[in-house]
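Architecture and fold: a report
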Amino acid sequence: MEFPATGRRVLVTGASRGLGRAAALAFAANGDRVAVHYGTREDDARNTLAALPGDGHVLAGGDLSDPAGAAAVAGRAADGLGGIDVLVNNAAVNERHPLPGTPYEEWVALWQQHVAVNLLATAHLSHLAGRRMIDAGNGGRIVNVGSRGAFRGEPDHPAYGATKAAVHALGQSLAVSLAPYGIGVASVAPGFIETERVADRLSGAGGEAIRAQSPFGRVASADEIAAAVLWLASPAAEWSSGSVLDLNGASYLRT
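Summarised in this report is the structure supplied together with it. (Residues numbered from 1 in each chain as written. Predicted model: local features only at pLDDT ≥ 70, side-chain atom pairs only at ≥ 80, totals over all residues. Heavy atoms only, no water.)

**Observations regarding the pattern of salt bridges**
The condition that has to hold: For salt bridges, the criterion is a side-chain nitrogen of Lys or Arg within 4 Å of an Asp or Glu carboxyl oxygen. Numbering of helices and strands starts at the N terminus; helices are DSSP runs of H or I of at least 4 residues and strands are runs of E of at least 2. Partly exposed residues are those whose accessible area sits between 20% and 50% of the maximum for their type, while under 20% is buried and over 50% is exposed, using a 1.4 Å probe and protein chains only.
On inspection of all chains with the given rule, the structure shows 8 salt bridges. With its nearest N and O atoms 2.9 Å apart, the salt bridge here joins Arg 8 to Asp 32. Of this pair, Arg 8 sits in the segment before strand E1 (9–12) while Asp 32 is found in the loop between helix H1 (18–29) and strand E2 (33–38), placing the two residues 24 residues apart along the sequence. With respect to burial, Arg 8 and Asp 32 carry one shared label: buried.

**Some words on the nonpolar core**
Convention followed: In this description, a nonpolar core means a group of buried Ala, Val, Leu, Ile, Met, Phe, Trp, Tyr and Cys residues linked to one another through side-chain atoms lying within 4.5 Å. A contact between two residues is defined here by any heavy atoms of the two lying within 4.5 Å.
Core analysis: the biggest nonpolar cluster contains 32 residues, and Val 12, Phe 27, Val 34, Val 86, Val 88, Val 188 and Ile 225 have the highest contact counts within it. Breaking this core down by element, the ones donating at least two residues are E1, H1, E2, strand E4 (86–89), strand E5 (140–145), strand E6 (183–190) and helix H8 (222–232). Looking at this core element by element, the count peaks at 7 residues for H1. Ignoring anything within four residues of it in the chain, the contact list for Val 88 reads Val 10, Leu 11, Val 12, Thr 13, Phe 27, Val 143, Val 145 and Val 229.

**Examining the sheet that holds E1**
Heads up, the rule is: Any two strands between which DSSP finds at least two bridges are classified as paired. A fitted line through C-alpha atoms represents every axis, and for helices the fit uses only the stretch in contact; the resulting angles, taken between N-to-C directions, go from 0 to 180 degrees.
An order of E3-E2-E1-E4-E5-E6-E9 is seen for the 7 strands of this open sheet, with the pairing classed as parallel. Whereas interior strands pair on both sides, the edge strands pair on one side only; in this sheet they are strand E3 (58–61) and strand E9 (244–247). Going from strand to strand, the sheet's axes swing by 20° on average, the running direction of each strand aside. By the bridge criterion, 6 bridges tie E5 to E6 in an arrangement that is parallel. Pairing of Val 143 across the sheet is with Ala 186, part of E6. Sheet strands touched by helix H6 (residues 158–178): E5, E6 and E9. Its angle to E6, the strand with the most contacts, is close to 160°.

**What about the pairing of E4?**
As a reminder, the rule being used: For the handedness criterion, the strands are oriented away from the viewer, and a crossover whose path from the first strand over the helix to the second runs clockwise is classed as right-handed.
Burial along E4 is two-sided: the face carrying Val 86 and Val 88 and the face carrying Leu 87 and Asn 89 are both buried. The sheet contact formed by E4 and E5 spans 4 bridges and is parallel. Within E5, the position partnered with Val 88 by the bridge is Val 143. One crossover worth recording links E4 to the parallel E5 by way of helix H4 (residues 104–136), and it is right-handed.

**A closer look at the side chain of Glu 154**
Note the following rule: Asp and Glu count as negative and Lys and Arg as positive, but His and the ends of the chain are not part of the count.
Looking at the secondary structure, you find Glu 154 in the loop between helix H5 (149–152) and H6. Buried and without a salt bridge, Glu 154 has Arg 152 as its closest oppositely charged side chain, separated by 4.2 Å. Beyond its immediate sequence surroundings of up to four residues, Glu 154 is in contact with Gly 149 and Gly 161.

**Overview of unusual backbone geometry**
For Ala 250, which is not glycine, the phi torsion reads 60° and is therefore positive. As for its placement among the helices and strands, Ala 250 is situated in the segment after E9. Overall, Ala 250 belongs to the partly exposed group, its relative accessible area being 38%.

**A closer look at the pairing of E2**
If a strand is regular, its side chains alternate between the two faces of the sheet. Among the 6 residues that make up E2, 5 are buried, leaving the element largely enclosed by the rest of the structure. With respect to chirality, the unit in which E1 leads through H1 into the neighbouring parallel E2 is right-handed. Each parallel crossover has a hand, and for E2 linked through helix H2 (residues 42–51) to E3 it is right-handed.

**Focus: the packing of aromatic side chains**
Spelled out, the test is: Only centres within 6.5 Å qualify two rings of Phe, Tyr or Trp (six-membered ring in Trp) as a pair; their planes then separate them into stacked at under 30 degrees, edge-to-face at over 60, and tilted for everything else.
Enumeration over the complete set of coordinates arrives at 1 aromatic pair. Measuring from ring centre to ring centre gives 5.8 Å for Trp 107 and Trp 111, while their planes differ by 50°; the resulting arrangement is tilted. Placement of the pair is Trp 107 and Trp 111 together in helix H4, with a separation of 4 residues, close to one helical turn.

**Quick look at the environment of Val 244**
In this structure, Val 244 sits in strand E9. Taking C-alpha positions, Val 244 is 9.1 Å from Asn 144, a pair spaced 100 residues apart along the chain. Among all residues touching Val 244, those that are not within four sequence positions of it are Phe 151, His 168, Gln 172, Ser 187, Ala 189 and Arg 254.

**Focus: the layout of surface pockets**
To find leftover empty space, one rolls a probe the size of a water molecule over the atoms. What counts here: Buriedness for pockets is judged along seven lines, at least five of which must meet protein on both sides within 12 Å for an open set on the 1 Å grid over protein atoms alone, while cavities are sets there where a 1.4 Å probe fits but cannot get out, and lining residues have an atom within 4 Å of a point. Grid points are joined across faces, edges and corners, and a volume is the space filled by probe spheres set on the points. By the convention adopted, Pro, Cys, Tyr, Trp, Phe, Met, Ile, Leu, Val and Ala count as nonpolar, Lys, Arg, Asp and Glu as charged, and the other residues, Gly among them, as polar.
Approximately 1200 Å³ is the volume attributed to the largest pocket. In terms of lining residues, the largest pocket is bounded by 49 residues, among which Ala 92, Val 93, Asn 94, Tyr 160 and Arg 197 are the most central. Elements with a contribution of two residues or more to the lining of the largest pocket: H1, E2, H4, H5 and H6. If you tally residues by element for the lining of the largest pocket, the top one is H1, at 3 residues. Residue composition of the lining of the largest pocket, grouped by class: 15 nonpolar, 20 polar and 14 charged. Estimated volume of the second largest pocket: approximately 220 Å³. In terms of lining, the second largest pocket is formed by 16 residues, of which the most central are Arg 218, Val 219, Ala 220, Asn 248 and Gly 249. Considered class by class, the residues forming the lining of the second largest pocket number 7 nonpolar, 6 polar and 3 charged.

What follows is the structure, given as structure tokens:
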């Protein structure tokens, strides 16, 4: 079984902006065809689609927090591309909810939202894409976007940290079960990335403190993380299946 290095059919979730957009651009520049998923930012997703080099790219909108919505997204991507060879589980929510200052009802709702999108949607899409890869018999790749926060703790975003830790564990379980089919599964665990979503947190004194977490004195660009995602989806990365790749500029070291 030889998994191709280019010309693949790639579904990137949360690709309307930020890391998802950078990943979509990286795959398209590699000669792959991309399904650009969006939840609510259709205009941004269309801008991503228009920026992709090459032909045959498609939009695949839908609500991943609903299992039926996840199935619809996978179906739109597979129909538009003629199948799925690579899945990048990037879509996520990350809302602030420190326990001391968050009312219980809000706490419950936010935990449910984080679990539904960050964890369950990743699991559901992995099943939907993985079954297609198995049936096609050509191998495949699943790359999950986790987080440094899964290891260092997120006092203001505990559901985010917990669900990203679960995503890492899910990826390792799937790596073992899908290897006999030539399907590699790996995760990236980025620290801060300079994207629209965290622009407010990276401004002012708070931003300086965040950049100082790394001895490089900066945060990552989306392109840097996208390059790692592209490599993990490549034929050369098969032996990295099951790994969680830290991408945090030495801002958090673990053993």
